[in-house]
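Residues per chain are reported as follows:
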Amino acid sequence: MSLEINHLTKVYGKQIALNAISFSVQDGEIVGFLGPNGAGKSTTMKISTGFLPSTSGDVKVGDFLVSERPLQVKRIVGYLAEHNPLYLDMYVHEHLRFVGGLYGLSGSRLKHRVGEMIELCGLTHEQNKKIETLSKGYRQRVGLAQALIHDPKVLILDEPTSGLDPNQIVEIRKLIKEISVNKTVVFSTHIMQEVQAICDRVIVINKGEIVADDKLVNLLQIENKSTGIEVEFETSIEMEELRSLPFVKEVVLLGRNKFRLIGEGGIDIRPEIFKFSSERKISLLGLKKEEVSLESVFRELTHAPSPDA
Amino acid sequence: MVIAVFLTGIGLLMWVFPETSVLEYGFADMDTLFSMGPYVLIFLVPAITMKSFAEEKKLGTLELLFTKPLSDWDIVIGKFLAAFLLVVITLLPTLVYYLSIVKLGNPVGNVDTPGVVGSYIGLVMLGGVFCSIGIFASSITSNQIVAFILAAFFCFIFYSGLESLSSLPIFGSQGLLIKQLGILYHYESTSKGLMDSRDLTYFLSVTGLMLVFTKIKVSQHY
């Protein structure tokens with residue numbers, strides 16, 4: 001089932017949290033929803049799940065508008081909220097049964113689904129524990145299990161891996177990938193690797209506006225044009241000399257005899273540098289093309305000052 | 001917990017404390033239960049209801065609940081029934097007192113049964129009103145202590161505060177109207193075994209009104 005967001009605007013008091021954003025997610029797609037803190041990710045998700053009303057614009061899940069048929073939408077959507085709210089004094093299986101009951105499951109069907117979810121989310125050994133005694137990683141699994149209990153067609157996950165340790169992050173990511181078969185999944189994060197690990201389409205949001213909505217591969221290509229080359233020489237060299245090399249657009253001093261060079265129009269200038277050093281008989285200690293990372297794309301798109309600036 | 005405290009408290013008042021004990025009093029009636037019961041409930045019902053919305057708001061589980069396919073009314077009524085049911089269960093064991101008094105009466109069975117039935121209905125209705133007040137108080141704050149204090153205060157004002165206010169001379173002939181707004185006026189008349197539809201209407205409408213307020217408040221959870 002598809003998810004369509006049309007000119008969604010949310011104003012809190014005088015602050016505009018979302019400024020007429022629109023995007024759509026096709027049936028079966030996994031989309032990463034990326035943005036710095038306070039960009040409007042959670043607000044978008046809360047409106048999509050019917051928790052918050054929008055100021056204007058609407059969200060359509062399948063054939064239903066959230067504002068018109070909230071109950072229908074809530075039946076289709078599985079939601080893991082940002083801080084993973086759970087009833088801490090309930091047992092794991094009790095919580096899942098309770099949530100399943102809210103979705104109208106009962107009897108053997110409910111029992112079957114609870115068992116299935118416990119197994120899928122790796123909670124077999126924890127099912128008889130109280131949620132308050134569980135670690136964050138296991139709580140997150142319970143959160144996922146309750147979001148999945150009614151086999152939702154659309155899954156909305158708000159920062160599913162925040163606050164977890166690296167091992168747990170890998171496990172939860174794996175789990176999300178496993179469960180996302182045949183489902184439309186939107187998950188938010190501010191961790192870039194996450195997107196690379198899980199999905200192929202990214203929507204980047206900043207200050208309530210969508211700044212990018214594309215395939216991951218395409219996004220990485222945008223950045224390619226300003227990819228730098230890091231060079232380190234053994235002896236000192238004048239910046240001017242480097243600047244006079246063919247195709248070199250920009251030279252930045254990084255450290256002692258260490259420079260960052262940017263070629264014109266994305267041309268690979270490594271051969272030029274190598275030629276230069278061999279002609280001048282200066283040993284080249286390092287020549288490295290910067291890895292194109294989603295981090296740099298992200299910084300570029302959201303205009304946060306880059307750390308080496 | 002709440003049940004145990006209520007039963008211990010009311011049991012002590014009813015059978016042990018000499019000022020209020022039935023055994024000392026010498027008449028086979030349950031007035032102690034029905035006159036002291038509401039005061040005990042003023043403190044106990046808010047303790048039951050204080051967490052209903054306040055805790056969910058604080059823990060963020062309201063988001064869990066409101067993203068499930070439930071209407072706002074489903075949630076409010078659910079919370080109310082949970083609290084109300086607990087109050088009813090708390091009151092059930094006091095039926096034993098009735099049996100004891102029937103046996104202790106001289107001659108045996110010399111008890112004002114219609115009065116007792118009316119009083120029980122009154123007490124249950126009162127429990128309903130207190131529950132709805134408590135749930136409303138819980139919906140307007142995310143602090144359980146505040147919810148408790150507000151609820152106890154409102155319960156008290158509604159129960160006997162209005163009654164006491166109405167006797168102030170400045171109200172003059174308006175006094176009766178204010179008195180009728182209070183719970184005590186209606187509670188006393190049902191306690192006499194007098195089932196008046198006006199009293200029932202009063203109890204049900206106060207409960208309903210409080211739940212409507214709660215629903216309005218809860219719908220604005222953003």
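On a predicted model such as this, the values are computed, not experimentally measured, just so you know.

Trainee: A description of the confidence of the model for chain B should follow, citing residues and the corresponding values.
Mentor: Overall, the prediction assigns chain B a mean pLDDT of 85, with 95% of residues at 70 or greater. Here helix H2 (residues 22–25) of chain B is the element of chain B with the lowest mean pLDDT, 68, and helix H6 (residues 72–91) of chain B is the one with the highest, 92.

Trainee: Can you break down helix H4 (residues 107–120) of chain A residue by residue, with the values?
Mentor: Residue and element names in this part refer to chain A. The end-to-end C-alpha distance of H4 is 20 Å, a good match for the 20 Å that 14 residues give at a rise of 1.5 Å each. Here H4 has its buried residues at Leu110, Arg113, Val114, Met117 and Ile118. For H4, the angular spread of the buried residues around the axis is 135°, confining them to a single face. Of the exposed residues in H4, the ones pointing more than 90 degrees away from its buried face are Ser108, Lys111 and Glu119. Those residues of H4 that are buried are in contact with helix H3 (92–102) and helix H5 (136–148). Immediately beyond the C-terminal end of H4, within one or two residues, lies glycine 122, with a positive phi of roughly 65°.

Trainee: Residue-level account of the packing of H6(B) against helix H12 (residues 197–219) of chain B, with values.
Mentor: All names here are of chain B. Contact geometry for H6 and H12: axes closest at 10 Å, N-to-C directions at 130°. Relative to H12, the element H6 is oriented oblique. The way H6 lies across H12 gives a crossing that is right-handed. For the pair H6 and H12, the contacting residues are Asp72, Trp73, Val76, Ile77 and Phe80 in the first and Thr207, Leu211, Val212, Thr214, Lys215 and Ser219 in the second. Each residue belonging to the contact of H6 with H12 can be placed in one class, and the counts come to six nonpolar, three polar and two charged.

Trainee: Break down unusual backbone geometry for me, with residues and values.
Mentor: Residues and elements named next belong to chain A. In the Ramachandran plot, aspartate 151 falls in the positive-phi region, its phi being about 50° despite a non-glycine side chain. Tracing the backbone shows aspartate 151 in the loop between H5 and strand E7 (154–158). Even without a glycine there, the phi angle at lysine 281 is positive, about 55°. Its place among the elements puts lysine 281 in the loop between helix H10 (270–280) and strand E14 (284–289). In this structure lysine 281 comes out as exposed when scored by relative accessible area, which is 73%.

Trainee: Summarise the pairing of strand E11 (residues 228–233) of chain A; cite the residues concerned and give the values.
Mentor: Two faces belong to every sheet, and in a regular strand the side chains alternate between them. Residue and element names in this part refer to chain A. Two elements, E11 and strand E13 (residues 258–263), share five bridges in a ladder whose sense is antiparallel. Residue pairing for E13: glycine 228 is matched across the bridge by isoleucine 262. Relative to E14, E11 runs antiparallel, the two being bridged by five bridges. Looking at the pairing, isoleucine 229 lines up with lysine 289 of E14.

Trainee: Which residues make up a nonpolar patch on the surface, and what values do they have?
Mentor: Residues and elements named next belong to chain B. Together, Trp73, Ile77, Leu81, Leu209, Val212, Phe213 and Ile216 make up a nonpolar patch on the protein surface, roughly 590 Å² of accessible area in all. Listed by contribution, the elements that provide at least two residues to the nonpolar patch are H6 and H12. When residues in the nonpolar patch are grouped by element, the largest group, four residues, is from H12. Note on placement: phenylalanine 213 falls in helix H12.

Trainee: Explain helix H6 (residues 166–179) of chain A to me, and be specific about the residues and the numbers.
Mentor: Residues and elements named next belong to chain A. The first and last C-alpha atoms of H6 sit 20 Å apart over 14 residues, in line with the 20 Å expected at 1.5 Å per residue. Looking at H6, one finds that the buried residues are Gln168, Ile169, Ile172, Arg173, Leu175, Ile176 and Ile179. Buried positions in H6, seen along its axis, are confined to an arc of 160° and lie on one side of it. Exposed positions of H6 whose direction lies more than 90 degrees from the buried face are Pro166, Asn167, Val170 and Lys174. Where H6 is buried, its residues touch H4, H5, E7 and helix H7 (192–198).

Reading the values: the criteria
Starting from 1, residues in each chain are numbered consecutively following that chain's sequence as written. Chains carry letters from A onward and ligands carry numbers from 1 onward, assigned in written order. For a predicted model such as this one, the threshold for reporting local features is a pLDDT of at least 70, and the threshold for listing and counting side-chain atom pairs is 80 or more; totals across whole chains, interfaces and linings nevertheless cover every residue. Hydrogens are left out, water is left out, and the side-chain values use all remaining heavy atoms of the structure. Known as pLDDT, the predictor's per-residue confidence is scaled from 0 to 100. Secondary structure elements follow DSSP: runs of H or I no shorter than four residues count as helices, runs of E no shorter than two count as strands, and numbering proceeds from the N terminus. Take the number of residues in a helix, subtract one, and multiply by 1.5 Å to get its expected span. Any residue under 20% of the maximum accessible area for its type is buried, any over 50% is exposed, and the rest in between are partly exposed; the area is computed with a 1.4 Å probe on protein chains only. Note that the arc is computed from the directions linking the helix axis to the C-beta atoms. For this analysis, residues touch if any pair of their heavy atoms sits within 4.5 Å. Angles shown run from 0 to 180 degrees and are taken between the N-to-C directions of axes, each axis being a line fitted to C-alpha atoms and, for helices, limited to the stretch in contact. Geometric relationships in this document are graded by angle, where less than 35 degrees denotes roughly parallel, more than 145 denotes roughly antiparallel, 65 to 115 denotes roughly perpendicular, and other angles denote oblique. Working rule for handedness: look at the near helix, and if it is turned counterclockwise from the far one by less than a right angle, call the crossing left-handed; if clockwise, right-handed. Gly falls in the polar group here, along with every residue not listed as nonpolar (Ala, Val, Leu, Ile, Met, Phe, Trp, Tyr, Cys, Pro) or charged (Asp, Glu, Lys, Arg). Any two strands with at least two DSSP bridges between them are considered paired. Residues qualify for a patch when their relative accessible area is over 30% and they have no salt bridge, like charges being joined within 9 Å and the nonpolar side chains of Val, Leu, Ile, Met, Phe, Trp and Tyr within 5 Å. To measure how exposed things are, a 1.4 Å probe is used in the Shrake-Rupley method; for residues, cover is taken only from the protein chains shown. What counts as a salt bridge is simple: a side-chain nitrogen of Lys or Arg found within 4 Å of a carboxyl oxygen of Asp or Glu.

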